[in-house]
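Structural overview
Here's the letter readout for the chains.
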Amino acid sequence: MTDVDTIVRVEGLVKDFRPGFGLRRKRVLHGISFEVKRGEVFGFIGPNGAGKTTTLKVLMGLIRASAGRAELLGHEVGESSYRRQVGFAPESPYFYEFLTGREILSFYARLCEVAKPRIAARVDEVLAQVGLAGAGDARLRTYSKGMLQRIGIAQALVHDPSVLFLDEPMSGLDPMGRKEIRDLIVRLNREGKTVFMNTHILSDVEMICDRVAIIVAGRIAYEGALEAFEGEPKLYDLTLAGLPADFAEELEATLGTSLGGRGDRVTLRLPEKETNELVQAALARGARVEELMRHREDLEALFLRAVRSQGKEEPS
Amino acid sequence: MTGAVLAIATNTVRDALRNRVLYILVFFSLVMIGTSTALSTLSYVERTRILQDVGFAAIRFFGAAIAIFMGVGLIHREVERRTIYTILSKPVTRAQFMAGKYLGLVATLWLQLAIMMAAFAVVSLASNAELGVGHAIALGLVALELALVVAFATLFSSFATPFLAACYSVGLYLVGHLTRDLRALGASAHSNAVEDVTLWIHRLFPDLSALDRSIEAVHGLAIPPAEIGWAVLMGVAWCLGFLLVAVVVFERRDFR
């Protein structure tokens, strides 16, 4: 990959905050490093207070790093001109409530120097994209939390950026709304947008993210592709049905265990080689393969392991 | 560049015009300008002078009150409501944001000043009081003074809470109106040390009394163009100075 393919580069990022006047500085980010590549949906996950939002605010130029580097599209994050290519939707966004949805989006479009004749059409487009086509003329004070969340995403999209930063984009949404936003993120990614997503909802990460970074107590505990969660050796969950009794007995003897399952169905977790052999043998003996899928350690398990292992490394 | 400043300024005007306290203060200023007609009847000889004195006082007092009241929350409110997050993540520099907010509030204040000026003119004409170039100059300098008050209120708003920013702004407003008198007092004190101290106070704080030409306007006295030019120069320089410091302070802030 060339440098052009690196959208976000964070190197040894440190952030210290002073909790109050005269109090000692508290380190929130302990020299974190990670990269986001072009075209990825990148999940940035971690428990509360881990430093996710602080990292995002550094990337958005809202707070300054105490040390280390953070680059976005090859620019130092303190610059502002390149932000025409960046969209940011904060968690629980706040807007000028006296404006309508259409007015607030026009305002943000003007900030991003969207051509004046294009603004009205673009606003209609993004309102439709986030499912608020019928609510554009209502004042924001009348919007529900979910609608405000959608307007937050709409303002991040109004200037058609190439990179999107979403802080908890599904928060405040009902299951239907979550699915719609998830689908929207996938669609935007297919259109070529790089998406950086800060979230607590691990199932969403599993469904749409290509790579993740897990941040725990201001340190990156894991960064990599979701495939890397799969352990070695590769394991498969195999469900067989219509197993002849004699074959089942043979199988129990071979595996050295009694088969679990209901009726004539059994489910086994086996390494790749044994799975292939068993499938062939079962088919030859008249059994049916009902289900065969790769066993993956789910993200939640990995997340918990990362949190626990980081906790052990933390100085007491 | 200017598009973003204009968009923020326009939005600031819309936001400010929704504030009911603004209307209450403008209402009371109009009541006071109207009441000047009644007050002027207390004197047989200088009716029109009293009328216009009270009118100018009302415009300057309520103008400054609105400027401080709205200016001290100008930046703080944006940070507190977190509306600043979505704005600064756009291609907008902090200096542009500050400029937009400042210009928007100044435009709002000049709008309410225009309403008060109109009321002042109506009352003056109805009472057969003269209105001349001096009045226009004096009111123009009031407009500049309000812009200056907004500039230092904006500076304080960029780092302090509205309460503290209001305290600082009121203090600076009062000191700004006293520095000239203080300097005159120091000059007649027959002490070099006192003279030096009062001179430096006069230099270090904006001389707001230089922007008050209501007495000359009301009495029909000529205002030397050089003094007008100096007052305008001083006022504009202080505005830019305060805004520059405000931008420097604002640039260093973290929005947690």
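All values derive from a computational prediction rather than experimental measurement.

Right, let's get into the overall build of chain B. Tallying secondary structure elements over chain B gives 11 helices and zero strands in all. Listing the helices and strands of chain B from first to last along the sequence gives α-α-α-α-α-α-α-α-α-α-α. Each principal axis of the C-alpha atoms in chain B carries an extent, and together these give about 65 × 50 × 30 Å. Classification of the 256 residues of chain B by burial places 43% in the buried group. Sequence separation of at least 24 residues holds for 80% of the intrachain contacts in chain B that already meet a minimum separation of 6.

What follows covers the overall build of chain A. Along the backbone of chain A there are nine helices and 13 strands. Dimensions of chain A, computed from the C-alpha atoms along their principal axes, are close to 75 × 50 × 40 Å.

All names here are of chain B. Within the fold, Thr 2 resides in helix H1 (residues 2–17). Residue class for Thr 2 comes out exposed when judged on the 10 C-beta atoms lying within 10 Å of it. For the pair formed by Thr 2 and Arg 18, sequence separation is 16 residues and the distance between their alpha carbons is 25 Å.

This next bit is on the sheet that holds strand E12 (residues 266–271) of chain A. Residues and elements named next belong to chain A. Taken in spatial order, the three strands make up an open sheet running E12-E11-E13, and their pairing is antiparallel. Looking at the sheet topology across the chains shown, the edges are occupied by E12 and strand E13 (288–294). The average undirected angle you get between the axes of adjacent strands in this sheet is 20°. Relative to E13, strand E11 (residues 235–241) runs antiparallel, the two sharing six bridges.

Across the contact, 22 residues belong to chain B and 24 residues belong to chain A. Secondary structure elements with two or more residues in the side of chain B that touches chain A: H1 and helix H5 (83–88) of chain B. For the side of chain B that touches chain A, a count of residues per class yields eight nonpolar, six polar and eight charged.

Right, let's get into unusual backbone geometry. Residue and element names in this part refer to chain A. Although it is not a glycine, Glu 113 sits at a positive phi angle of roughly 55°. Residue placement: Glu 113 occurs in the loop between helix H2 (101–111) and helix H3 (116–129). Look at Glu 113 and you get partly exposed, because 16 C-beta atoms sit within 10 Å. Phi at Asp 160 is positive, roughly 50°, even though this residue is not glycine. Mapping Asp 160 onto the fold places it in the loop between helix H4 (145–157) and strand E7 (163–167). Accessibility expressed as a C-beta count within 10 Å gives 17 for Asp 160, which makes it partly exposed.

Turning next to the packing of helix H7 (residues 133–157) of chain B against helix H11 (residues 225–251) of chain B. All names here are of chain B. The N-to-C vectors of H7 and H11 enclose an angle of 15°; their axes lie 8 Å apart at closest approach. In terms of orientation, H7 and H11 fall into the roughly parallel class. Every pair of crossing elements has a handedness; the one defined by H7 and H11 is left-handed. Contact residues: Ile 137, Leu 141, Leu 144, Glu 145, Ala 147, Leu 148, Ala 151, Phe 152, Thr 154 and Leu 155 in H7; Ile 228, Ala 231, Val 232, Gly 235, Trp 238, Cys 239, Phe 242, Leu 243, Val 245 and Ala 246 in H11. Considering only residue class, the contact of H7 with H11 consists of 17 nonpolar, two polar and one charged.

What follows covers the nonpolar core. Counting 141 residues, the largest nonpolar core has Ala154(A), Val158(A), Phe165(A), Ala67(B), Val149(B), Val150(B) and Ala151(B) as the members making the most contacts within it. For this core, the element with the highest residue contribution is H7(B), accounting for 14 residues. Apart from the residues lying within four places of it in its own chain, the contact partners of Val149(B) are Ala64(B), Ala67(B), Ile68(B), Gly71(B) and Tyr173(B). The next biggest cluster of nonpolar side chains, apart from the first, holds seven residues, and it includes Leu240(A), Leu243(A), Leu278(A) and Ala287(A).

Let us look at the environment of Arg141(A). Tracing the backbone shows Arg141(A) in the loop between H3 and H4. Separated by 18 residues in sequence, Arg141(A) and His159(A) place their C-alpha atoms 24 Å apart.

Here H2(A) crosses H1(B) at 150°, and the two axes come no closer than 8 Å. Classified by the angle their axes make, H2(A) and H1(B) are roughly antiparallel. Contacts between H2(A) and H1(B) involve Phe107(A), Arg110(A) and Leu111(A) from the first element and Gly3(B), Ala4(B), Ala7(B) and Asn11(B) from the second. Tallied by class, the residues present in the contact of H2(A) with H1(B) amount to four nonpolar, two polar and one charged.

For the rest of this paragraph, the subject is the confidence of the model for chain B. Residues and elements named next belong to chain B. In the predicted model, chain B carries a mean pLDDT of 90, and the fraction of residues at 70 or more is 99%. Looking at the elements of chain B, mean pLDDT is at its lowest for helix H2 (residues 20–40), recorded as 84, and at its highest for H11, recorded as 95. The ipTM, which scores confidence in the relative placement of chains, is 0.82 for this predicted complex, and the corresponding pTM is 0.83.

What follows deals with H2(B). Residues and elements named next belong to chain B. Compared with the 30 Å implied by 1.5 Å per residue over 21 residues, the 30 Å span of H2 between its first and last C-alpha is a close match. Of all bends in H2, the biggest is about 25°, found at Gly 34. Among all positions in H2, only Ser 29, Ile 33, Ser 36 and Ser 40 are buried. Buried residues belonging to H2 abut helix H3 (47–71) and helix H6 (94–126).

For the rest of this paragraph, the subject is the pairing of strand E4 (residues 67–72) of chain A. Residues and elements named next belong to chain A. Pairing of strand E1 (residues 6–17) with E4, which is carried by five bridges, proceeds in the antiparallel orientation. If you follow Val 10 over to E4, its bridge partner there is Ala 70. Following E4, the chain reverses through two residues before pairing antiparallel with strand E5 (residues 75–76); Leu 73 in that reversal takes a positive phi of roughly 55°.

A low pLDDT means the predicted coordinates there should not be read in detail. Of all residues in chain A, 91% have pLDDT values of 70 or greater, and the mean over the chain is 86. Per-element confidence in chain A ranges from a low mean pLDDT of 69 for helix H9 (residues 299–313) of chain A to a high of 95 for E7(A).

Residue and element names in this part refer to chain A. One open sheet accounts for six strands, arranged E6-E7-E8-E3-E9-E10; its pairing is mixed. Of all the strands in the sheet, the pair left with one neighbour each is strand E6 (86–89) and strand E10 (219–225). Averaged over all pairs of adjacent strands, the angle between strand axes in this sheet comes to 15°, irrespective of strand direction. The pairing of E7 with strand E8 (residues 194–199) spans five bridges and is classified as parallel. By the bridge assignment for E8, Leu 166 is matched with Met 197. Packing of H4 onto the sheet brings it into contact with E6 and E7, and relative to E6 it is tilted by some 170°. Helix H5 (residues 175–190) contacts strand E3 (41–45), E7 and E8 of the sheet and is inclined by roughly 150° relative to E8.

Rules behind the numbers
Residues numbered from 1 in each chain as written. Chains lettered and ligands numbered in written order. Predicted model: local features only at pLDDT ≥ 70, side-chain atom pairs only at ≥ 80, totals over all residues. Helix = DSSP H or I, 4+ residues; strand = E, 2+ residues; numbered from the N terminus. Buried ≥ 20, exposed ≤ 12 C-beta atoms within 10 Å, placed from the backbone. Contact = placed C-beta atoms within 7 Å. Pairing = 2+ DSSP bridges. Axes fitted to C-alpha atoms, helices over the stretch in contact; angles between N-to-C directions. Nonpolar A, V, L, I, M, F, W, Y, C, P; charged D, E, K, R; others polar. Parallel < 35°, antiparallel > 145°, perpendicular 65-115°, else oblique. Left-handed = near helix turned anticlockwise from the far one by under 90°. Core = buried A, V, L, I, M, F, W, Y, C linked by C-beta atoms within 7 Å. pLDDT = per-residue confidence, 0-100. Expected span 1.5 Å × (residues − 1). Bend = angle between axes of the 7 residues up to and from the residue.

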